[in-house]
Amino acid sequence: MKKYTVLVLFLALVGCDGSDTSNNSAYTAGVTGESAVPDKVKVPDGVTVPDKVEVPDTSVIKLTTDPVFQVKKGTRFVTDQLTFNFVKTINAEIKVYDKDHAMIFEKVVSSAASEITVNVGSGYNNTSLKYGKYFYEISTSLPDGSEEKVFKGSFDKIIRPIATFTNKISDISIFGDTLYVATGDMMKDVEVRSVNIKSDDVTLLNISGKDLPKPIYDMARVGNKLYMGGRKDQYMGGKLLVEYDLDSNIVSDLDSQLSCKTKNDDECSAVFSLTSMLDKLYIGTSDGLFSHKDDLFSKITEHGLDEFTDFKSLFVDSQDRIWAGSMIKGGISYYAKGSWTPMTEVNSQMPAGGILAFSEDNNRNIYMANNINGLIKYNSESNNLKQFTPHNSGIIDHNLVSVAYTDGIIVGSHDYGIAKSEDGSDWKVTDSSNSLMAPIKTDACQWNPDSVACKKVLVVERIVENKDGRIFAAIGKGIYELY
């Protein structure tokens, strides 16, 4: 059969009249993402036509990785950085837009480069980006002008996940560049790990769960000794307070030396809070406040609150003042210049309810997370006290479990995630809807999986800050860095 005969038969089969199809949109649809086969064409039996025609990328200007947004924290300032990596050296102009598509940053790169990092905001000149979503546009070209290409995308300034564990986190504590993480409870194996905040490396400490509290409520380090306090139960076991030598890996049970007693001389049930100043350890228990130095324990009774009240929180501020927060009596007391100053709803404006955490800002204001009355801001020099609740400020919750301060106030709600504000008036919430923060099921699921209490929530356990202003949070089973 001659070649022209074969061609005529094929054209007859596909219904083609040999006319020019270069302007037919169906034939060029592979480039625009539509079907490459026009409706009028009948495909012969046994012939397979792909759903989409892949057009090879022949451009020279390409990214080697996805653009990366990160927050760099120095000793004093926060810097927002955006990084691009290309396969070849290019010229570039970068623009950043906020959620309302208003341009907030523009820069022309002065010399051609394959790795481009720009500071899109900084605390140094008060241009730090607020929390939320941003959009970028980077216009690129080869140095010889032979090719141009524009890349567009978005990024979020929220949180950075560090590690996730099998069991829920009960406490975190920071010392230098080491973050200590306690997981488990009376029903789950209790374990303690260290996290290097420079490398994110996680190490399991060599401590048997039977030698630890169930769960661990707080940890503090004095020299090379790590102290862990928590729940002790007559039937479920656990310890009140243990000492772990980080050099020798020796664990010491301090329960008998602590002699934490109730009014009826019964042994108390828990150590809730720990902090240290110089070489002295302070211990908040379910039945009073204690100190520990040179292997000796002493009970502190001159704080002005009830001798046997439970101290859920302890904090040392920048002036070496010790702050102690009570749960039952609903007050605080702070130690400065050799004496304690108690503050309750009777002798001050301090609201009733539990004080679960303290923090301090750059102006020596003390912030207190309250599990009933939201956030409290107090300045001892002016004696000015201000309260932030969902009603008067739009804060995330009235039940706050932790607080920290970096370039703004950060609070943690037991159920709803975290929120940040510069001055307490405009709160930006971070939860599982706008971050990689993972919710967990509550402890009620162990006993009644069908109950209302068994639901997925964001259990913020604690937020801590290191000396360089980096903020870390324990939320559910995960550790995150907050920005």
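Residues numbered from 1 in each chain as written. Predicted model: local features only at pLDDT ≥ 70, side-chain atom pairs only at ≥ 80, totals over all residues. Heavy atoms only, no water.

Student: Teacher, can you tell me more about the overall build of the protein chain here?
Tutor: Secondary structure summary: the protein chain contains 4 helices and 36 strands in total. Buried positions account for 47% of the 483 residues belonging to the protein chain. Here the analysis covers contacts within the protein chain between residues at least 6 apart in sequence; of these, 47% occur between residues at least 24 apart. Counting only carbon and sulfur atoms, one obtains 47% of the accessible surface of the protein chain, whose full area is about 25,000 Å². (Helix = DSSP H or I, 4+ residues; strand = E, 2+ residues; numbered from the N terminus. Buried < 20%, exposed > 50% of the residue type's maximum accessible area, 1.4 Å probe, protein only. Contact = heavy atoms within 4.5 Å. Areas by Shrake-Rupley, 256 points an atom, 1.4 Å probe, with all protein chains shown as cover.)

Student: What exactly am I supposed to notice about the nonpolar core here?
Tutor: Soluble, globular proteins show a tendency: their nonpolar side chains are buried together. Within the largest apolar cluster, 41 residues are counted, with the highest numbers of intra-cluster contacts made by Leu82, Ile463 and Leu482. Discounting chain neighbours no more than four positions away, the residues touching isoleucine 463 are Ser402, Val403, Ala404, Ile410, Val411, Gly412, Ile418, Ile471, Phe472, Ala473 and Leu482. By size, the runner-up hydrophobic cluster in this structure holds 15 residues, among which are Val222, Leu240, Cys268 and Ile283. (Core = buried A, V, L, I, M, F, W, Y, C linked by side-chain atoms within 4.5 Å.)

Student: What is the right way to read the environment of methionine 187 from this model?
Tutor: Locating methionine 187 in the fold gives a position in the loop between strand E9 (178-183) and strand E10 (191-196). Sequence spacing of methionine 187 and glutamine 446 is 259 residues, and the spatial spacing of their C-alpha atoms is 9.4 Å. Sequence-distant contacts of methionine 187, that is, excluding residues within four places in its chain, are made with Met236, Gln446 and Trp447.

Student: Explanation requested: the sheet that holds strand E14 (residues 241-245) in the structure shown.
Tutor: Neighbouring strands of a sheet are bound in pairs by backbone hydrogen bonds; such pairs are parallel or else antiparallel. Pairing in this open sheet of 4 strands is antiparallel, and the strands run E12-E13-E14-E15 from one edge to the other. Since the sheet does not close on itself, it has two edges, and those belong to strand E12 (216-222) and strand E15 (251-253), each with one partner. Put simply, the sheet's adjacent strands are angled 20 degrees from each other on average, direction ignored. As defined by bridge partners, E12 adjoins strand E13 (residues 225-230) across 6 bridges and the pair is classed as antiparallel. Bridge pairing links valine 222 to lysine 225 in E13. (Pairing = 2+ DSSP bridges. Axes fitted to C-alpha atoms, helices over the stretch in contact; angles between N-to-C directions.)

Student: How should the sheet that holds strand E17 (residues 280-285) be read in this particular structure?
Tutor: Reading across from one edge, E16-E17-E18-E19 is the order of the 4 strands in this open sheet, with antiparallel pairing throughout. Either end of the sheet is taken by a strand with one partner, and the two such strands are strand E16 (271-277) and strand E19 (296-300). The sheet shows a mean angle of 25 degrees between the axes of neighbouring strands, taken without regard to direction. Pairing of strand E18 (residues 288-293) with E19 involves 5 bridges; the strand directions are antiparallel. Within E19, the position partnered with phenylalanine 290 by the bridge is lysine 299.

Student: Sorry, what's going on with the pattern of salt bridges here?
Tutor: Should the charged atoms of two oppositely charged side chains come close, the side chains can pair. In total, this model carries 24 salt bridges according to the counting rule given. Note that glutamate 461 and lysine 168 form a salt bridge whose closest N and O atoms lie 2.7 Å from each other. Of this pair, glutamate 461 sits in strand E34 (residues 460-465) while lysine 168 sits in the loop between strand E7 (159-164) and strand E8 (169-175); the two residues are 293 residues apart in sequence, bridging distant segments of the chain. Overall, the relative accessible area of 25% leaves glutamate 461 in the partly exposed class. Here glutamate 381 ties to arginine 364 by a salt bridge, and the two come within 3.7 Å at their closest N and O atoms. Residue glutamate 381 is found in the loop between strand E26 (374-379) and strand E27 (384-388), and its partner arginine 364 is found in the loop between strand E24 (355-360) and strand E25 (366-370); the two are separated by 17 residues along the sequence. A residue is classified by how much of its surface remains accessible, and arginine 364, at 39% relative accessible area, is partly exposed. In this structure, a network of salt bridges that share partners links the residues Arg160, Asp200, Arg470 and Glu481. (Salt bridge = Lys/Arg side-chain N within 4 Å of Asp/Glu carboxyl O.)

Student: Would you explain the side chain of threonine 140 in this entry?
Tutor: The residue threonine 140 is located in strand E5 (residues 132-141) in this model. According to the relative accessible area criterion, threonine 140 is buried, its value standing at 4%. Setting aside anything within four residues of it in sequence, one finds threonine 140 in contact with Ile61, Phe86, Ile90, Asn91, Ala92, Glu147, Glu148, Lys149 and Phe151.

Student: Can you help me understand the pairing of strand E2 (residues 78-97) in this one?
Tutor: When a strand is regular, its side chains alternate between the sheet's two faces. By the bridge criterion, 6 bridges tie strand E1 (residues 68-73) to E2 in an arrangement that is antiparallel. Its bridge partner being in E2, valine 71 is matched across the sheet by aspartate 80. The pairing of E2 with strand E4 (residues 113-122) spans 8 bridges and is classified as antiparallel. When the sheet's bridge partners are listed, aspartate 80 is paired in E4 with glycine 121. One ladder, built from 7 bridges, connects E2 with E5; its direction is antiparallel. Bridged to isoleucine 94 within E5 is isoleucine 138. Judged from the 5 bridges that link them, E2 and strand E3 (residues 103-108) form a sheet pairing that is antiparallel. Bridging across to E3, isoleucine 94 finds its partner in lysine 107.

Student: Whenever I open this one, the packing of aromatic side chains confuses me. Can you help?
Tutor: Aromatic ring pairs are described here by two measures, namely the spacing of the ring centres and the angle between the planes. Summed over all chains, the structure comprises 12 aromatic pairs. Between phenylalanine 315 and phenylalanine 358 the ring centres are 6.2 Å apart and the planes differ by 15 degrees, which places this aromatic pair in the stacked class. One end of the pair, phenylalanine 315, is in strand E20 (residues 311-316); the other, phenylalanine 358, is in strand E24, and 43 residues separate them in sequence. The burial state of phenylalanine 315 is the same as that of phenylalanine 358; both residues are buried. Ring geometry for tryptophan 323 versus phenylalanine 358: centroids 6.1 Å apart, planes at 45 degrees, classification tilted. (Phe/Tyr/Trp six-rings, centres within 6.5 Å; stacked < 30°, edge-to-face > 60°.)

Student: Can you walk me through the state of the cysteines in this structure?
Tutor: Here a disulfide denotes a covalent bond joining the sulfur atom of one cysteine to the sulfur atom of another. Tallied over the full model, the rule gives 2 disulfides. Disulfide pairing is shown between cysteine 260 and cysteine 268; the S-S distance is 1.7 Å. Judged by the sign of its S-S torsion, about 130 degrees, the bond between cysteine 260 and cysteine 268 is right-handed. As far as burial versus exposure is concerned, cysteine 260 and cysteine 268 are alike and both buried. Covalent S-S linkage joins cysteine 445 and cysteine 454, the inter-sulfur distance amounting to 2.0 Å. (Disulfide = S-S within 2.5 Å.)

Honestly, that's just the spatial picture; any functional story needs more than this.
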